[in-house]
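# Reading the structure
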Amino acid sequence: MRQIFLLLFLGLTQMAIAQLEDNSIAPNWILTDIDGRNHDLYSYLNRGKTVYLEFSATWSGDSWAYHNNGYLNRLYKEYGPNGTGEVMVIMIEGDLQTSEDEIHGNGQRTYGNWLSNTDYPIIDDHSLNRLYNITSWPMLYVICPNKRLRSVGLQSTQTLYRHSRDCENPWGRHNVSILSYDGDHESFCRSKELSPIISIQNEGTDTLKYCSIEFSLNGTVVEEREWRGTLAPFEASQISFSPQQLNEESWLSFRAASPNYEPDEYMQHNELDGILIKSPKTGLDIQLTIHTDNWPEENAWSIKGPSGYFVSSEDFDSLKADALHYYEFQLPRAGCYEFEMTDSYGNGLAHGELWPGQFENGAILLRSGQDVIWDNASFGFGFSIPFEASPVTVSQSNVAYFADFNTFPNPVTNLLNIVFEPYQSASYQFMMYNTLGQLVKSSPAQLFDARPQETSLDCSDLDGGIYWLVLQSEDGIRMQRKIIVQK
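### Digging into the packing of helix H3 (residues 71-79) against helix H6 (residues 157-166)
Direction vectors running N to C along H3 and H6 enclose 55°, while the axes themselves pass 9 Å from each other. With respect to H6, the element H3 is oriented oblique. Considering how the two elements wind past one another, H3 and H6 form a crossing that is right-handed. Contacts between H3 and H6 involve Tyr71, Leu72, Arg74, Leu75, Glu78 and Tyr79 from the first element and Thr157, Gln158, Leu160 and Tyr161 from the second. Tallied by class, residues from the contact of H3 with H6 come to six nonpolar, two polar and two charged.

Take a look at the structure:
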């Protein structure tokens, strides 16, 4: 658990940011502030207001300093509901463990009363952290009426206001755009039925009553839809397409055209492509590398097999802090597997804050040979990814390096003989891991010619049990063999 002591807060710090991509669509939400008033993001946007979201934590020194500069409060007073009415400002206290009392300045995890000299509403809710990729505080988003957002940093009142003036106004009479892909985009093993859904938006001045939408799968048009309805400027609507049976990794793309049967007058947002539905395929040899952050007690992981059994797992409180954990697995048979990792705090392994000025990011890499299954440490509360393993112990890239790799005797008591044949002259190294992924023995890297080679490894000092012998080239290409040490 995070223990933050105010005596450690000795000044302002530079916060690490992993915000949503600029110009992406802001996810909608309806939340209640600490005074009991409801706030609907899209309702504000549909009324033409620019919305400023201030994500803060009561124990964050940077959050407290910026909040008390009063820049956002002046923006709210001059341009908010009681001013010109152009903008809306909302603070989101997003720390999972913060109580409402601490917003009022009571408790050990707060700098003071956050309501003092604050006219705009404050919402105490951590549910937006995953939606908006909040992994540190403070973070400030500006959301335009067309629902596109950008991160703007900690700026003065007039600089903030200029962002609202830069928001795109309706462009032309006839202008349709594709806002987002809203359908299922989860990875799959072997096959899945996909139901594509997108959102379109009227970015023209005339009411949108008609447009055409073209849906392509892996570069081939599979469906054309004619949408009819009524959308005022900046209003949006979802469109569903016919289910598609996917049997391989697939790319989706969409194209909108002919708003109100007229040429589109602004085509910048008419196409949406690059939507990848992954279907990872691997060999039976799996490598997992985890570099924990400073709160490993928040993390747990598991690999489940075809029948739901656990191939391996690590429970909460079992990992060491700020440490490299390496695991090698030989999956027992072909089939569909699932890797799952969770973070009870909700910030993955990214941007863990020790105290202002000190951060420690973790890392995670799941792969089979050179085939990467997952390598993103910023996963919020967790993720699961399925993958299909086949009875091939090496990837295609490995084949280019090794013609053969064998060991004897196996089981072994003392000396393990190793025979291998590299396809090219290079430096190679042997490493022995136990079933926990811990390196227990290794040989110095040595240059071998491209011809049959024989060497040996002394296993007499190893305890009896199962081990994994890994042969690694200088380029990181690996092969492995299961070794049983018998005592």
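### Observations regarding the state of the cysteines
Counted according to the given criterion, the structure contains two disulfides. Put simply, cysteine 189 and cysteine 336 are joined by a disulfide, and their sulfur atoms are 2.0 Å apart. Across the S-S bond of cysteine 189 and cysteine 336 the torsion is about -85°, and the bridge reads as left-handed. On the criterion of sequence distance, the pair formed by cysteine 189 in the loop between strand E8 (176-181) and strand E9 (192-194) and cysteine 336 in strand E22 (residues 335-343) is long-range, its members being 147 residues apart. For cysteine 336, a relative accessible area of 26% gives the class partly exposed. For the chain, the bonded cysteines pair up as 1-2, 3-4 when numbered in the order they occur along the sequence.

The rules behind these values
- Residues numbered from 1 in each chain as written.
- Predicted model: local features only at pLDDT ≥ 70, side-chain atom pairs only at ≥ 80, totals over all residues.
- Heavy atoms only, no water.
- Axes fitted to C-alpha atoms, helices over the stretch in contact; angles between N-to-C directions.
- Helix = DSSP H or I, 4+ residues; strand = E, 2+ residues; numbered from the N terminus.
- Parallel < 35°, antiparallel > 145°, perpendicular 65-115°, else oblique.
- Left-handed = near helix turned anticlockwise from the far one by under 90°.
- Contact = heavy atoms within 4.5 Å.
- Nonpolar A, V, L, I, M, F, W, Y, C, P; charged D, E, K, R; others polar.
- Disulfide = S-S within 2.5 Å.
- Buried < 20%, exposed > 50% of the residue type's maximum accessible area, 1.4 Å probe, protein only.

Everything listed here is a matter of coordinates, which is why it stays silent on function.
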